[in-house]
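# Descriptive analysis of the structure
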Amino acid sequence: MSNKHLNGYVDENDDDIYPETHYPTCRFCGKSTIPTARYDSDADADEAATMACDCYDARQYREQKAQAEQREKNIAKLKSSINAIQDYCTEHNIKVGDEFCTLVTNAGIAVIDGIVGAAAFKFSRLSIKLASGNKSAVVIKVTYSDGTQYEV
């Protein structure tokens, strides 16, 4: 480390002594804040400022981002439930293929997105009903021909 700064001489290119500071800025209203943490990039700093800003557009952005994250979680739960149904079918000797998974997954995503309110399928001795639920995004009800019900 040099001691140039101690004798009053500082090179204009001496960035290690006086690093450039980026003030995080909301991408919608332009409000700048004092950096509270180290960020990997200016874009990360601006994202943090946008997420913390209280302007209308930033609130809308946060809500949309939260909805997108919740949608991804719901789709992951849906796929897990469909795998459980596939296991149930295997236990009861009902042959279902990949088309089954694709079809039911697409219908479940349509229910999650609110495109349809409910969907129903019948496969050999199996009835599957998908509907939007109060507590969860999708309720899947599987009914076997002997009356056994399985709800995911």
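This report concerns the structure included in the present document.

Each value, and the rule that gives it
- Residues numbered from 1 in each chain as written.
- Predicted model: local features only at pLDDT ≥ 70, side-chain atom pairs only at ≥ 80, totals over all residues.
- Heavy atoms only, no water.
- Pairing = 2+ DSSP bridges.
- Helix = DSSP H or I, 4+ residues; strand = E, 2+ residues; numbered from the N terminus.
- Core = buried A, V, L, I, M, F, W, Y, C linked by side-chain atoms within 4.5 Å.
- Buried < 20%, exposed > 50% of the residue type's maximum accessible area, 1.4 Å probe, protein only.
- Contact = heavy atoms within 4.5 Å.

## Examining the pairing of strand E2 (residues 126-131)
Here is the key point about a regular strand: its side chains alternate between the two faces of the sheet. Sheet topology note: the strand E1 (residues 118-123)/E2 ladder contains six bridges and is antiparallel. When the sheet's bridge partners are listed, Phe121 is paired in E2 with Ile128. Relative to strand E3 (residues 139-144), E2 runs antiparallel, the two sharing six bridges. Paired with Lys129 across the two strands is Lys141, which belongs to E3.

## Points about the nonpolar core
The biggest cluster of nonpolar side chains holds 23 residues, and the ones touching the most others in it are Leu78, Leu126, Ile128, Leu130 and Ile140. Of all elements in the fold, only helix H2 (56-91), helix H3 (98-112), E1, E2 and E3 reach the threshold of two or more residues within this core. Of all the elements, H3 adds the most residues to this core, at seven residues. Every residue in contact with Leu78, bar those within four places of it in the chain, is listed here: Thr105, Gly108, Ile109, Ile112, Leu130, Val138 and Ile140.

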